[in-house]
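A structural walkthrough
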Amino acid sequence: MPRVSQDQLDARRREILAGARACFARYGYEGATVRRLEEEIGLSRGAIFHHFQDKESLFLAVAEDDARTMVETVGRHGLVQVMRDLVNRSDSPEVGGWLGTQLEVSRRLRTDPEFAKRWAQRSEAISAATRERLERQREAGILRDDVPIEVLQRLLELAHDGLVMHLAMGRDTTDLGPVLDLIEAAVRRPTGDS
């Protein structure tokens, strides 16, 4: 029997995550039955659960994958860039899947104490990346220095959460560029200051 390479295993894992993300976004955690997961992913339950212990592990893997991507973007470009990416791709299935996962994470944080404990570490990674980026910007003289970093971080996180809610409600995103520019300007040192 031919041996499966690590690249093939990784590709299969990404395929499962993409299908599961779409299924969780469409049906929520409870409605994403194993049968629906099989249909969305296009694989048998044996193939799916060969890579993931159970539905809970699969959902956590989807959410962790999304959080990891978000941490990388925040670290390189900031939380406002995450928001810009969401607005620019708001009609894409990828963002719809991400948004559905975020909403499901939010719901489970409120209703499932065990999930909330497991998720706290992922949430802190996003906060830490935001804080580190703000600290680097302050050291570079880009960030305003009359407001504590913690306050600026909270402002950005609230703006992000508000945008997620805006998208979840299906509201129009065509005029959000100037709003995001204003949010970014609010945390930057005003021009002409040194």
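Residues numbered from 1 in each chain as written. Predicted model: local features only at pLDDT ≥ 70, side-chain atom pairs only at ≥ 80, totals over all residues. Heavy atoms only, no water.

1. Re the nonpolar core
The cut-off we apply is this: What we call a nonpolar core is a set of buried Ala, Val, Leu, Ile, Met, Phe, Trp, Tyr and Cys residues that are connected through their side-chain atoms within 4.5 Å. For every residue, the accessible area obtained with a 1.4 Å probe (protein chains only) is divided by the maximum for its type, and the residue is called buried under 20%, exposed over 50%, and partly exposed between those limits. Helix numbering and strand numbering both begin at the N terminus, where a helix is a DSSP run of H or I of at least 4 residues and a strand a DSSP run of E of at least 2. Should any heavy atoms of two residues lie within 4.5 Å, those residues are counted as being in contact.
Counting residues in hydrophobic clusters, the biggest one holds 48 residues, and the most contacted among them are F24 and L58. Where this core is concerned, the elements lending two or more residues are α1 (6–31), α2 (34–41), α4 (55–77), α5 (79–88), α6 (93–111), α7 (113–139), α8 (149–168) and α9 (177–187). Among the elements that take part in this core, α4 stands out by supplying nine residues, more than any other. Apart from the residues within four sequence positions on either side, L58 is in contact with I16, L17, A20, F24, L37, I48 and F52.

2. Notes on the side chain of E104
The cut-off we apply is this: For this analysis, a polar contact is any N or O atom pair within 3.5 Å, provided that within protein one partner can donate a hydrogen and the other can accept it, and provided that sequence-adjacent residues contribute only side-chain to side-chain pairs.
Topologically, E104 is positioned in helix α6. Polar contacts involving the side chain of E104 include one to the main-chain amide nitrogen of Y29, which spans 3.3 Å. For E104, the residues in contact, after removing those within four places along its chain, are G28, Y29 and F59.

3. Some words on empty space enclosed by the protein
Applied cut-off: Lining residues are defined by having an atom within 4 Å of a point belonging to a cavity or pocket. Those points lie on a 1 Å grid over the protein atoms alone, cavities being sets where a 1.4 Å probe fits but cannot get out and pockets being open sets with protein on both sides within 12 Å along at least five of seven lines. Grid points are joined across faces, edges and corners, and a volume is the space filled by probe spheres set on the points. Note that Gly is not counted as nonpolar here; it falls among the polar residues with everything else outside the nonpolar set of Ala, Val, Leu, Ile, Met, Phe, Trp, Tyr, Cys and Pro and the charged set of Asp, Glu, Lys and Arg.
In total, this model carries one cavity of 30 Å³ or more according to the counting rule given. Quantified by volume, the largest cavity comes out at close to 120 Å³. For the largest cavity, the lining is made up of 13 residues, of which G78, L79, V80, Q137 and L156 are closest to its centre. Counting only elements with at least two residues in the lining of the largest cavity, the list comes to α4, α5, α7 and α9. Of the residues forming the lining of the largest cavity, the biggest block, four residues, is contributed by α7. For the lining of the largest cavity, a count of residues per class yields six nonpolar, four polar and three charged.

4. Quick word on the packing of aromatic side chains
Let me state the cut-off plainly: In summary, the pairing rule links any two rings of Phe, Tyr or Trp, Trp by its six-membered ring, whose centres are within 6.5 Å, and it sorts them by plane angle into stacked for under 30 degrees, edge-to-face for over 60 and tilted for everything else. We count a charge as sitting over a ring when the NZ of a lysine or the CZ of an arginine lies within 6 Å of the ring centre and within 35 degrees of the ring normal.
Under the criterion given, the structure shown has five aromatic pairs. Centre to centre, the rings of F24 and Y29 are 5.9 Å apart; their planes meet at 15°, and the pair counts as stacked. A residue is classified by how much of its surface remains accessible, and Y29, at 10% relative accessible area, is buried. A connected cluster of aromatic rings, assembled from ring pairs, spans F24, Y29, F59, F115 and W119. Note that R108 overlies the ring of Y29, its terminal NZ or CZ placed 4.2 Å from the centroid. A cation over an aromatic ring shows up here: R108 above the ring of F115, its NZ or CZ 4.6 Å from the ring centre.

5. Observations regarding the layout of surface pockets
A volume near 540 Å³ is recorded for the largest pocket. Lining the largest pocket are 19 residues; nearest its centre among them are Q102, S106, L109, H160 and D161. Going through the elements one at a time, α6, α7 and α8 are the ones with two or more residues in the lining of the largest pocket. Considering every element that reaches the lining of the largest pocket, the biggest residue donor is α6, with seven residues. Split into classes, the residues belonging to the lining of the largest pocket amount to nine nonpolar, six polar and four charged.

6. Some remarks on the pattern of salt bridges
Condition: What makes a salt bridge here is a side-chain nitrogen of Lys or Arg within 4 Å of a carboxyl oxygen of Asp or Glu, nothing more.
A full pass over the atoms with the stated rule returns 18 salt bridges. Linking E15 and R12 is a salt bridge whose minimum nitrogen-to-oxygen distance equals 3.2 Å. Of this pair, E15 and R12 both sit in helix α1, three residues apart, which is roughly one turn of the helix. E184 is the partner of R188 in a salt bridge, and the nearest nitrogen-oxygen pair spans 3.3 Å. Salt bridges linked by common partners bring R21, D65, D66 and R68 together as one network.

7. Overview of the packing of α5 against α9
Under the convention used in this document: Every axis in this analysis is a line fitted to C-alpha atoms, fitted for helices over the stretch in contact. Angles between the N-to-C directions lie between 0 and 180 degrees. In what follows, roughly perpendicular refers to angles from 65 to 115 degrees, roughly parallel to angles under 35, roughly antiparallel to angles over 145, and oblique to any angle outside these ranges.
The N-to-C vectors of α5 and α9 enclose an angle of 175°; their axes lie 10 Å apart at closest approach. The orientation of α5 with respect to α9, classified from their angle, is roughly antiparallel. Contacts between α5 and α9 involve V80, M83, R84 and V87 from the former and G177, L180, D181, I183 and E184 from the latter. Per-class residue counts for the contact of α5 with α9 are five nonpolar, one polar and three charged.

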